[in-house]
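Secondary and tertiary structure notes
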Amino acid sequence: MAKTKNKKLTIKYWCSLSRGSRERALKFCFPISPSIVEMLLDETPTTFEIKEGFWSVVFKRITIPADNRFYKTCYMNETYLA
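Residues numbered from 1 in each chain as written. Predicted model: local features only at pLDDT ≥ 70, side-chain atom pairs only at ≥ 80, totals over all residues. Heavy atoms only, no water.

**Things to note about the pattern of salt bridges**
The final tally for this structure, using the stated rule, is two salt bridges. As a salt-bridge pair, D42 and R19 come within 3.0 Å of each other at their nearest N and O atoms. Placement of D42 in the loop between helix 3 (34-41) and helix 4 (47-51) and of R19 in helix 2 (residues 19-29) is noted, with a sequence separation of 23 residues between them. When the shortest N-O distance is used, the salt bridge between E23 and K27 registers 3.3 Å. Of this pair, E23 and K27 both sit in helix 2, separated by four residues, roughly a single helical turn. A relative accessible area of 46% means that K27 is categorised as partly exposed. (Salt bridge = Lys/Arg side-chain N within 4 Å of Asp/Glu carboxyl O. Helix = DSSP H or I, 4+ residues; strand = E, 2+ residues; numbered from the N terminus. Buried < 20%, exposed > 50% of the residue type's maximum accessible area, 1.4 Å probe, protein only.)

**A closer look at the packing of aromatic side chains**
Following the criterion strictly, the structure yields four aromatic pairs and no others. For the pair W14 and W55, a centre-to-centre distance of 5.7 Å together with 80 degrees between the ring planes defines the contact as edge-to-face. Of the two residues, W14 sits in helix 1 (residues 11-16) while W55 sits in helix 5 (residues 53-61), which places them 41 residues apart along the sequence. W14 sits in the buried class, given a relative accessible area of 0%. Exposure remark for W55: the relative accessible area of 3% places this residue in the buried category. Taking the centre distance of 6.4 Å and the plane angle of 50 degrees together, the rings of W14 and F59 count as tilted. Of this pair, W14 sits in helix 1 while F59 is found in helix 5, placing the two residues 45 residues apart along the sequence. (Phe/Tyr/Trp six-rings, centres within 6.5 Å; stacked < 30°, edge-to-face > 60°.)

**Looking at the nonpolar core**
Ranked by size, the top nonpolar core spans 17 residues in total, and within it L9, W14, L26, F30 and V58 carry the most contacts. Sort the elements by how many residues they give to this core and helix 3 lands first, with four residues. With sequence-adjacent residues up to four places away left out, L26 is seen in contact with W14, V37, L40, L41 and V58. (Core = buried A, V, L, I, M, F, W, Y, C linked by side-chain atoms within 4.5 Å. Contact = heavy atoms within 4.5 Å.)

**A few points about helix 5**
Considered for burial, the residues of helix 5 that qualify are W55, S56, V58 and F59. One side of helix 5 carries all its buried residues, which in axial view fall inside an arc of 165 degrees. In this fold, the buried residues of helix 5 make contact with helix 1, helix 2, helix 3, helix 4 and strand 2 (62-64). (Arc of directions from axis to C-beta.)

This is how it looks when you write it as structure tokens:
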């Protein structure tokens, strides 16, 4: 059986996540930088920001799980965050 791959994170999906889910994902990306987490938590990323800076880290590491049944995220294709 072929393993299905996780999907690339999109701005629309990111914005549809609950605040708690976004916070958990940001804490996984920036574990020792709570100020960065607070700064990004309520912001909506733009396409330009995803290519550079802090948002590029988030969108490279966080993916949409392949099952896509629940709103959750996946960190580095290993850790599922609900």
